[in-house]
Amino acid sequence: MADSSFDIVSKVERQEVDNALNQAAKEISQRYDFKGADASISWSGDKILMQANGEERVKAILDTFETKLIKRGISLKSLDAGEPQLSGKEYKIFATIEEGISQENAKKVSKVIRDEGPKGVKALVQGDELRVSSKSRDDLQAVQALLKGKDFEFAIQFVNYR
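So, how was this worked out
- Residues numbered from 1 in each chain as written.
- Predicted model: local features only at pLDDT ≥ 70, side-chain atom pairs only at ≥ 80, totals over all residues.
- Heavy atoms only, no water.
- Pairing = 2+ DSSP bridges.
- Helix = DSSP H or I, 4+ residues; strand = E, 2+ residues; numbered from the N terminus.
- Axes fitted to C-alpha atoms, helices over the stretch in contact; angles between N-to-C directions.
- Contact = heavy atoms within 4.5 Å.
- Parallel < 35°, antiparallel > 145°, perpendicular 65-115°, else oblique.
- Left-handed = near helix turned anticlockwise from the far one by under 90°.
- Salt bridge = Lys/Arg side-chain N within 4 Å of Asp/Glu carboxyl O.
- Expected span 1.5 Å × (residues − 1).
- Buried < 20%, exposed > 50% of the residue type's maximum accessible area, 1.4 Å probe, protein only.
- Arc of directions from axis to C-beta.
- Core = buried A, V, L, I, M, F, W, Y, C linked by side-chain atoms within 4.5 Å.

## Section: the pairing of strand β2 (residues 40-44)
So, point 1. Of the pairings in the sheet, the one linking β2 to strand β3 (residues 47-52) comprises 5 bridges and is antiparallel in character. Paired with Ser44 across the two strands is Lys47, which belongs to β3.
So, point 2. Counting the residues that bridge the hairpin from β2 to β3 gives 2 residues, and of these Gly45 lies at a positive phi of roughly 70°.

Written out as structure tokens, the structure reads:
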């Protein structure tokens, strides 16, 4: 019998991020506390730019955007937001969406699988994802349960379960 396997990835649906950004922009344009604040959120290349005329207001924009991401099922671990920066008379926050598992993080995950997972489960790093394989599907499900219980500083999803 061939080995069963699944991949561990860290991917974000770009369309869902776009929808969350559009919802946040709409809410910001309608909220009373942002009236006259020159508050906005938009794409700036591959980064997300939030700007307003006060530090508290730009942080409130970030909070609104995070709320919309959560409602869309996107982990906040994939959002990398910087600190508010003063630029002229406006405060700005640049944020990026992190995707892919770095080599260092892949090694952390595979170490957890080796140390705490069932015997006979193999983890192999393939680019920015991790392939986990075993003869037993039950072992693979045990690995998924183990990893869901761990708190990594990056978001993980399980795909290609065969």
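Resuming the write-up.
## Topic: the sheet that holds strand β1 (residues 4-9)
So, point 1. Read across the open sheet, the 4 strands follow the order β7-β8-β1-β9; overall the sheet is antiparallel. A single partner strand is all that each edge strand has here, and the edge strands are β7 (122-126) and β9 (157-159). Direction aside, the axes of adjacent strands within the sheet are offset by 30° on average.
So, point 2. Summarising the sheet, β7 and strand β8 (residues 129-134) pair through 5 bridges and their orientation is antiparallel. Its bridge partner being in β8, Val125 is matched across the sheet by Leu130.
So, point 3. In this fold helix α3 (residues 103-116) packs onto β1, β7 and β8, with an angle of close to 20° to the strand it touches most, β8.

## Section: the packing of helix α1 (residues 14-30) against helix α2 (residues 55-71)
So, point 1. At a closest axis distance of 9 Å, the pairing of α1 and α2 adopts a crossing angle of 135°. In terms of axis orientation, α1 runs oblique to α2. Note on packing geometry: the crossing formed by α1 with α2 is right-handed. Note on element contacts: α2 touches α1 through Ile61, Thr64, Phe65, Lys68 and Leu69, opposite Val17, Ala20, Leu21, Gln23, Ala24, Glu27 and Ile28.

## Structural notes on the pattern of salt bridges
So, point 1. Using the criterion set out here, one finds 13 salt bridges in the structure.
So, point 2. Here Lys59 ties to Glu55 by a salt bridge, and the two come within 3.6 Å at their closest N and O atoms. Taken together, the positions of Lys59 and Glu55, both in helix α2 and 4 residues apart, correspond to about one turn of that helix.

## So, α2
So, point 1. In this model, α2 (17 residues) spans 25 Å end to end at C-alpha, consistent with the 24 Å of a helix rising 1.5 Å per residue.
So, point 2. Residues of α2 that are buried: Val58, Ile61, Leu62, Thr64, Phe65, Lys68 and Leu69. Buried residues in α2, looked at end-on, bunch into an arc of 160°, giving them a common side. Along α2, the residues that are exposed and aim more than 90 degrees away from the buried face are Glu56, Ile70 and Lys71.
So, point 3. In this structure, the buried side of α2 is in contact with α1, β2, β3, β4 (79-81) and β6 (90-97).
So, point 4. Downstream of α2 by a residue or two, Gly73 has a phi angle that is positive, lying close to 80°.

## With respect to unusual backbone geometry
So, point 1. Phi is positive for Asp38, close to 50°, though the residue is something other than glycine.
So, point 2. For Asp38, a relative accessible area of 59% translates into the label exposed.

## Considering the nonpolar core
So, point 1. Counting residues in each nonpolar core, the largest one holds 20 residues, and the members touching the most others are Val17, Ile41, Ile48, Met50, Ile61, Phe65 and Leu69.
So, point 2. For this core, the elements supplying multiple residues, two or more each, are α1, β3, α2 and β6.
So, point 3. Other than its neighbours up to four places away in sequence, Ile61 contacts Ile28, Phe34, Ala39, Ser40, Ile41, Met50, Gln51 and Ala52.
So, point 4. With 15 residues, the next largest nonpolar core counts Phe6, Val112, Val121 and Leu140 among its residues.

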